[in-house]
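Residue strings, one per chain:
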Amino acid sequence: MHVLQSVIVPGLAAGAIYGLVAVAFATLFQTTGVINFAHGQLVMVMPMSILVAEGAGLPVWLAYLVALVVVLVIALAIEWAAVRPFMQSGHSVSWLLSTLGVSVVLAEILAIPYGGEARNFWHGVSSRRVEIAGTGLAVSPAEAAAVATLLLVGGLLTLFYRRTRLGLELRAIADDLDGAESVGISRARASQIAMILSAVVAAVTGVLVASTQPVTPSLGMSYTFYGFVATAMGGMGSISGAIIGGLIVGVATQAAGVYIGGLFVNVSVFLLLLAVYLIRPHGFVGVAPVRAV
């Protein structure tokens, strides 16, 4: 029971957040071939915008709506400036630098309202743990919501990409950009739609993150890091792999923190990623790219 309460439950909850970040990475990557390293900061835009809007006197429901619009506008700006120009270019250095640059700028902007200081967020899901039916196991609504949201979002996006015409068009762009454009599928439209989907996931993730800890711009880079590890572990562009990778990273980091010490958490995660890549070079669910000769 001790392991369940101290490692598994908080590990799955944290892993669900990492998984949501990884799902957003995969959603954009499988259409554009770009990993948006500004996504972690985009996650923090939602709760920060809610706090600012509420401080300006708006009711909470309207603050949520305004914050969502802000997230979408910023996401589309990032797509236009740092993603679309390098879409399916095959040169990762270009989009790596562009999205990291946007991440730094966005972090500085987010630090303006409160000087970078952490702020409590009172409008999310309760983080107070409740014992489950006398079992001795306590779980908070925020932890349960994180895991449920990960599975729901992952399932909906998987159905979207496999069962809808628009989803199939986005996959066609990823498989053959020139061929897709030749039959009338717009590169710009596909990139924008993928970015909007990623931004909506970011907005939901931001509320879940803020429900369990004070809001600060510096959190963004941390979630980018763990989300990217989860993406790489699960397989680039795979939504199911992102879910698996996120949960594994969450449990692994929690176990490392409890049994080894907080200073070795990042080392443990990288060793785990290395071990996975030695066995599965393209991640748990990823497949080797097909090369035409």
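Throughout, residues of each chain are indexed from 1 in the direction in which the sequence is written. The predicted nature of this model means local features are confined to residues of pLDDT at least 70 and side-chain atom pairs, given and counted, to a pLDDT of 80 or more, with totals for whole chains, interfaces and linings taken over all residues. Excluded from the side-chain calculations are hydrogens and water; all other atoms, namely the structure's heavy atoms, are used.

K.L.:
Would you mind going over the overall build of the protein chain with me for this structure?
P.N.:
Secondary structure assignment for the protein chain yields 11 helices and two strands. In this text, helices come from DSSP runs of H or I with a minimum length of four residues, and strands from runs of E with a minimum of two, each type numbered from the N-terminal end. When the helices and strands of the protein chain are listed from N to C terminus, the series reads α-α-α-α-β-β-α-α-α-α-α-α-α. Atoms counted for the radius of gyration: C-alpha only. Globule rule: 2.2 Å times the number of residues to the power 0.38. By the compact-globule yardstick of 19 Å for 293 residues, the protein chain fits well, its C-alpha radius of gyration being 19 Å. C-alpha extents for the protein chain along the principal axes are approximately 60 × 50 × 35 Å. For the exposure calls, accessible area comes from a 1.4 Å probe over protein chains only, and a residue counts as buried if that area is under 20% of its type's maximum, exposed if over 50%, partly exposed in between. Taken across its 293 residues, the protein chain has 46% of its residues classed as buried. Expressed as a percentage of contacts within the protein chain between residues at least 6 apart in sequence, the contacts between residues at least 24 apart total 75%. Here the Shrake-Rupley method, with its probe set to 1.4 Å, supplies the accessible areas, and only the displayed protein chains count as covering residues. Entry remark: accessible area of the protein chain is about 13800 Å², with carbon and sulfur atoms responsible for 68%. We call two residues in contact when some of their heavy atoms are within 4.5 Å.

K.L.:
Looking at this model, I keep getting lost on the packing of aromatic side chains. Mind explaining?
P.N.:
For any pair of aromatic rings, geometry is given as the distance between the ring centres together with the angle between the planes. Stacked, edge-to-face and tilted labels apply to pairs of Phe, Tyr and Trp rings (six-membered ring for Trp) whose centres lie within 6.5 Å, assigned for plane angles under 30 degrees, over 60, and everything in between, in that order. Applying the stated criterion across every chain yields a total of eight aromatic pairs. Geometrically, the ring pair formed by F160 and Y161 is edge-to-face, given 5.2 Å between the ring centres and 75 degrees between the ring planes. Judged by relative accessible area, which is 18%, F160 ranks as buried. Given the relative accessible area of 3%, Y161 is considered buried. Residues F225 and Y226 carry aromatic rings whose centres are separated by 4.8 Å and whose planes lie at 65 degrees to one another, so their mutual orientation is edge-to-face. Assessed through its relative accessible area of 25%, F225 is described here as partly exposed. The exposure class assigned to Y226 is buried, which follows from its relative accessible area of 10%. Members of the aromatic cluster, each reached through a chain of ring pairs, are Y18, Y223, F225, Y226 and F270.

K.L.:
What's the story with the pattern of salt bridges in this structure? I'm lost.
P.N.:
Side chains that differ in charge, positive against negative, can pair when their charged atoms come close. By convention in these notes, a salt bridge is any Lys or Arg side-chain nitrogen within 4 Å of a carboxyl oxygen on Asp or Glu. According to the stated counting rule, one finds four salt bridges in the structure shown. The partner of E143 in a salt bridge is R129, and the shortest N-O contact between them spans 2.7 Å. One end of the pair, E143, is in helix α5 (residues 141-163); the other, R129, is in the loop between α4 (92-110) and β1 (130-131), and 14 residues separate them in sequence. When the shortest N-O distance is used, the salt bridge between E169 and R189 registers 3.5 Å. In this pair, E169 is assigned in helix α6 (residues 165-175) and R189 in helix α8 (residues 187-212), connecting sequence segments 20 residues apart. When salt bridges with common partners are traced through the structure, they connect R165, E169 and R189 into a single cluster.

Don't take any of this as a statement about function, it's just geometry.
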